[in-house]
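Below, each chain spelled out in residue letters.
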Amino acid sequence: MTEFGASTHPSDGLFDVRLVVNGVTHDVRVPSRRLLSDCLRHDLRLTGTHVGCEHGVCGACTVLVDGTAVRSCLMLAVSADGAAITTVEGLTEPDGTLSPVQQAFADCHGLQCGFCTPGFLITITAALAGSPDPSEAVAREIIGGNLCRCTGYQNIVRAVLRAAELRRSAGGSLGSSPRAGTARAAAS
Amino acid sequence: MKPPAFGYSRPESVGEAVAALASAGPEAKVLAGGQSLIPLLNMRLAAPSHLVDINRLAELSYVSIADGEVVIGAMARHAGVLADPAVTAAQPLIGQALALVAHPVIRNRGTTVGSIVHADPSGEMTAVLALLDGTVVLAGIDGERSVSAKDFLLGPLESDVRPGELATRVSLPVLGPRAGCAFAEVSRRRGDYAVCGVAAVVELAEAGAVASARAAYLSVAGTPLVIDLTEAGADPAAAGRLAMSRVAPTSDIHATADYRRHLAGVLTERALAGALAHARERSGD
């Protein structure tokens, strides 16, 4: 059992959690009920991850946990102990170059107010890694779990297809997958 | 929209988990994928005293096929089960159902056993458990017990998991060589809870006639409703009419009872036609 096993009823107890976020290691002390989304925003001040519905419907809070896209509002920070997390802040290259998905959103005007955009960017980044040449139908399936109240989705669908094109023309290397933690740590 | 306070432990074996559940008392809950439990916590619809987080139990993160059964461990996530071609070939209904469970990102985290234990009457996998008459295995400090689907699903969001117990695996029979299956549902938006859904399995006799046809219905009753449609034979429209006469849905904010009954008929016809075609293809008739 981990050190947590001993604390059977720490209703107000705090837990030490280590998160490697965008390649940077953070040690935080959180209550068990702290959502990962709130830990990122409040404890780590990484406010790029947005919180919309807080029950898993809107997708705005989507982040990568060990490379897999998940809702950060439906995960406890304490459950993520030891995980490597990529937030929207981690998609951009250290020199400020946008990732293919970010560039595609800019090219296709895939956002208006931008509230939902971080969740879309993460969801699409993860999906294109497994499905590099999606049809329009697949593009719609990819974004089916993310809500946007501005765009009507047409330009977001275009952005998925454009991002796939940019990834392929970059040989799948340029920002095709979230940077390895060590690369970012070395750069910063 | 924040969870109430709770105690937390994170065991690393089934033995530690059941010990933690036993010591945490009757108000403790198991946290697996959390895709149903954490929304309930955020909305303050549930307030467990303690969560036993089983996400580190690698021993429960498996899917296997043995002795005519697909066995799904409690930490197998929907996405992993759906991506296993041996599983979806052995029991295609699992793949057909999982493709309709929420969205891919939810399936990345949610667990198949967890969704069955959650016993949501709108849950696809709950209907699959009922239709295939699967078995749930529960572990406690005094050992294991197996519970069949009909005894396990007690009511809406209520399953036969006793205080101190951890559901460790679910067994579902593989699809017979002369059988076919299909899943059809209608939801307001892709990935939403189904307004009505139908899972169907048809088995052909040697002569190609229908030996048995059964369907399970989600979102029309407090637990998945299983209806024997064998008397409709190979006539999907007759099966649809039969289903409409057997379901007794209620009206709610999402749909009227009449609309749900209508959907039960239409979806039965679609699912039966799909299952029949699937059975004929598999049996070579």
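Since we're looking at a predicted model, the values are computed, not measured.

Moving on to the domain arrangement of chain B. Residues and elements named next belong to chain B. One can read the domain layout of chain B as domain 1 (1-52 + 60-174) and domain 2 (179-283). On the domain 2 side, the residues contacting the 19 residues of domain 1 number 19 residues. Within the residue set of the side of domain 1 that touches domain 2, elements represented by two or more residues are helix H5 (92-98), helix H8 (124-132) and strand S8 (153-155). Per-class residue counts for the side of domain 1 that touches domain 2 are twelve nonpolar, six polar and one charged.

Let us now look at the domain arrangement of chain A. Residue and element names in this part refer to chain A. One can read the domain layout of chain A as domain 1 (15-90) and domain 2 (100-169). The distance between the C-alpha centroids of domain 1 and domain 2 comes to 22 Å. In this assembly, 14 residues from domain 1 lie in contact with eleven residues from domain 2. Per-element accounting of the side of domain 1 that touches domain 2 gives the leading share, three residues, to strand S3 (residues 62-65). A class-by-class count of the residues in the side of domain 1 that touches domain 2 yields eight nonpolar, six polar and no charged.

Time to look at the sheet that holds strand S4 (residues 63-66) of chain B. Residue and element names in this part refer to chain B. The sheet built from five strands is open, its strands ordered S4-S5-S10-S6-S7 with antiparallel pairing. Sheet topology places S4 and strand S7 (143-148) at the edges, where each strand pairs with a single neighbour. Put simply, the sheet's adjacent strands are angled 20 degrees from each other on average, direction ignored. In this sheet, strand S5 (residues 69-73) lies alongside S4 in antiparallel orientation, the contact comprising four bridges. Residue pairing across strands places Ser-64 opposite Val-71, the latter belonging to S5. Packed on one face of the sheet, helix H1 (residues 14-24) meets strand S6 (135-140) and strand S10 (166-173) and runs near 120 degrees to S10.

Residue and element names in this part refer to chain B. Strand order across the open sheet formed by four strands is S11-S12-S13-S14, with antiparallel pairing between neighbours. Lying at the two open borders of the sheet, with one neighbouring strand each, are strand S11 (179-187) and strand S14 (225-228). Neighbouring strand axes in the sheet, compared pairwise and without regard to direction, differ in orientation by 15 degrees on average. Where S11 lies against strand S12 (residues 194-204), nine bridges are found, and the strand directions are antiparallel. Across the sheet, Glu-185 pairs through a bridge with Gly-197, a residue of S12. Lying on the sheet, helix H11 (residues 257-283) is in contact with S11, S12 and strand S13 (210-218); it crosses S12 at an angle near 30 degrees.

Basis of the calculations
- Each chain has its residues counted from 1, following the order in which its sequence is written.
- Each chain is given a letter, starting from A, and each ligand a number, starting from 1, according to the order in which they appear as written.
- For this predicted model, a pLDDT threshold of at least 70 governs which residues receive local features, and a threshold of 80 or more governs which side-chain atom pairs are given and counted, while totals over whole chains, interfaces and linings are taken from all residues.
- Where each domain begins and ends follows an automated or database-derived domain assignment.
- Note that contacts rest on C-beta atoms placed from the backbone: two residues are in contact if these are within 7 Å.
- Put simply, DSSP H or I for four residues or longer makes a helix, DSSP E for two residues or longer makes a strand, and each gets a number counted from the N terminus.
- Gly falls in the polar group here, along with every residue not listed as nonpolar (Ala, Val, Leu, Ile, Met, Phe, Trp, Tyr, Cys, Pro) or charged (Asp, Glu, Lys, Arg).
- At least two bridges found by DSSP between two strands are what make those strands a pair.
- Orientation is described by lines fitted to C-alpha atoms, with helices fitted over the stretch in contact, and by angles between N-to-C directions that extend from 0 to 180 degrees.

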